[in-house]
Amino acid sequence: MANNEDLKKIVGSKNVLDDEETLEEYSRDISFVLPVRPRCVVKPKDAAEVQKLVKWANERLSPLVPVSSGAPHFRGDTIPGIGGAVIVDLSGMKKVIRVDRFHRVAMVEPGVTFGELIPAVAKEGLRLNLPLLPRKSKSVIGSMLEREPVIMPKYHWDISDPLACVEVIFGNGEMFRTGAAAGPGTIEEQWAAGGAQKTPYGPGPAAWYRLIQGAQGTMGIVTWASLRCELLPSVEEPFLVGSSQLDKLFELVHWLVRLRLVNECFVINNSNLAAIMAKKWPTDYQDLKDTLPPWVLFFNVAGYDYFPEERVSSQIKGISDITKRMGVEPLGAIGRVSALELLKVVNRPSGEPYWKLRCQGACHDIFFVTIYDKLPELIRTMYDAVDEAGYPASDMGVYLQPIVQGTNLHCEFNLFYDPENPSQSERVRELAISTVNDLMAKGAFFSRPYGESSPIIINRDAATVTALKKVKSILDPNNVMNPVKLCF
């Protein structure tokens, strides 16, 4: 109890929660990671309180687990790895610190969600490069730190985008700023001199932000971040292309992204498209799915402030030349799905219930990065695995997202299941573990390992594990930041 009293002195008594309902809520999520109850939940109001909490944790050798997004959580990274942990809930840090249209950059605290930031930047004529239908409660900073893929590969210059600079309290209690934010001068002095905290590299020749991205809170706690934004289009023309031949769609994707003709661009199968677009459950889902081809490519052509109609018209002509040569036809609608309606849907967070929970109540994602040439064999490998496991292959969702200027792609399999059905849950859990080695053998690169599959993925490279542990020992010598996650 004395320890909790210390915490109350840091964040205030109202911001230390240890009632049974709260502890149970933070002990589990929609994943197969075993529940572990935290000791308490603390809700800091600013970076100063976060730094005091980290220093307190080092004095008491108490584990801290940072959480910025609201429920539901899916990947097990916010469940304590050991008992006695303190959850640091950053969802109350909601300042949109700055939106700079000229430099196309925004700076926010970790509690700011997509639902809150989208209208804030729109007021300045800007838009976000969004992941595919994030949930309303998803933290923008949380998404960027997890390197979630974004739907406009044209503006995805590096795997870290759209993250720019961050302020982080490392596990040793020291505050550090990355990139242009490192200085010289304070942030306010940099603004006065025309700085915008947009360049992520540095200080020095190192890309320090790469130590924080994908770390699942094991290195420190980010208290603000800046992110690249794009101009809000004044004219848009979306299209859908359906096919049973995935290779033909990706030949078209290659040219669309390579020639920088489109903004949003991704491929999904009919299960996922129906889950996203269905309005009535469950009948509307199956009826809608039956009208769709196996694979659907969505892309959007955009014009901005200067000659928008002429720009869109010229790009559509270029696309038409490519599609005629390939023998495919972009359409304004396929089945009962309108391209314009889909554009409106993907430019905002998911409605409720969250789209991955609509089918059966729970979903487990298996995702990795690969290249186009290896995609067909990886998809066959996954379909063979679900068939062998007795999971209905026709129910599995697939999302394929070109990233980093189309040089590679994010491949994601969505396994929908009923969490109240033990046999279904166990089948999906076994698939989540058993398929990892097979997929890696075929060229899948799991850059974001979570949960039970983390050791299988990370321990394949002993040199990387050694390097990560060395960095961890410098930045978090007492191992207070989310211990037992990844290789720590």
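Residues numbered from 1 in each chain as written. Predicted model: local features only at pLDDT ≥ 70, side-chain atom pairs only at ≥ 80, totals over all residues. Heavy atoms only, no water.

*Asks:* Tell me about the side chain of N408, and name the residues and values.
*Replies:* Within the fold, N408 resides in strand 19 (residues 408-417). Here T407 takes part through its side chain, which lies 3.5 Å from a polar atom of the side chain of N408. Each residue touching N408, except ones within four places of it in the same chain, is listed here: V369, T370, I371, Y372, Q401, P402 and I403. (Helix = DSSP H or I, 4+ residues; strand = E, 2+ residues; numbered from the N terminus. Polar contact = N/O pair within 3.5 Å; in protein donor to acceptor, adjacent residues only side chain to side chain. Contact = heavy atoms within 4.5 Å.)

*Asks:* Summarise the sheet that holds strand 9 (residues 175-177); cite the residues concerned and give the values.
*Replies:* Sheets are built from strands that pair by backbone hydrogen bonding, the pairs being arranged parallel or antiparallel. One open sheet accounts for 5 strands, arranged 5-6-10-8-9; its pairing is antiparallel. Unpaired on one side and paired on the other, strand 5 (96-100) and strand 9 mark the two borders of the sheet. On average, each strand axis in the sheet is tilted by 15° relative to the strand beside it, whichever way the strands run. Here strand 8 (residues 163-170) runs beside strand 9; their pairing, made up of 3 bridges, is antiparallel. Among the inter-strand pairings, E167 is bridged to a residue of strand 9, identified as R177. (Pairing = 2+ DSSP bridges. Axes fitted to C-alpha atoms, helices over the stretch in contact; angles between N-to-C directions.)

*Asks:* Break down the pairing of strand 13 (residues 265-269) for me, citing the residues and quoting the values.
*Replies:* Of all 5 residues in strand 13, 5 are buried; the element is thus mostly enclosed. The alternating pattern of strand 13 places C265, V267 and N269 on one face and F266 and I268 on the opposite face, and all of these are buried. Here strand 13 runs beside strand 14 (residues 295-303); their pairing, made up of 5 bridges, is antiparallel. By the bridge assignment for strand 14, V267 is matched with L297. Where strand 13 lies against strand 18 (residues 397-403), 2 bridges are found, and the strand directions are antiparallel. In the sheet register, V267 faces strand 18, and the bridge partner there is L400. (Buried < 20%, exposed > 50% of the residue type's maximum accessible area, 1.4 Å probe, protein only.)

*Asks:* Lay out the sheet that holds strand 19 with the relevant residues and their values.
*Replies:* Pairing is antiparallel across the open sheet formed by 6 strands, whose spatial order is 12-14-13-18-19-17. Edge strands, defined here as strands with exactly one partner in the open sheet, are strand 12 (235-243) and strand 17 (362-370). Taken over all neighbouring pairs, the strand axes of this sheet differ in orientation by 20° on average, direction set aside. With 7 bridges connecting them, strand 18 and strand 19 associate as antiparallel partners. Within strand 19, the residue paired with V398 across the bridge is F413. Strands strand 12, strand 13, strand 14, strand 18 and strand 19 of the sheet are contacted by helix 7 (residues 246-258), whose axis makes an angle of about 15° with strand 14. Strands strand 13, strand 14, strand 18 and strand 19 of the sheet are contacted by helix 8 (residues 270-277), whose axis makes an angle of about 100° with strand 13.

*Asks:* Pulling in residues and values, what's your account of the packing of helix 7 against helix 10 (residues 308-326)?
*Replies:* With their axes 11 Å apart at the nearest point, helix 7 and helix 10 run at an angle of 155° to one another. By the angle between their directions, the pair helix 7 and helix 10 is classed as roughly antiparallel. Between helix 7 and helix 10 lies a crossing of right-handed hand. Residues K248, E251, L252, W255 and L256 of helix 7 form the contact with helix 10, whose own contacting residues are I319, I322, T323 and M326. Within the contact of helix 7 with helix 10, the residues separate by chemical class into 6 nonpolar, 1 polar and 2 charged. (Parallel < 35°, antiparallel > 145°, perpendicular 65-115°, else oblique. Left-handed = near helix turned anticlockwise from the far one by under 90°. Nonpolar A, V, L, I, M, F, W, Y, C, P; charged D, E, K, R; others polar.)

Spatial relationships are all this shows, so hold off on functional conclusions.
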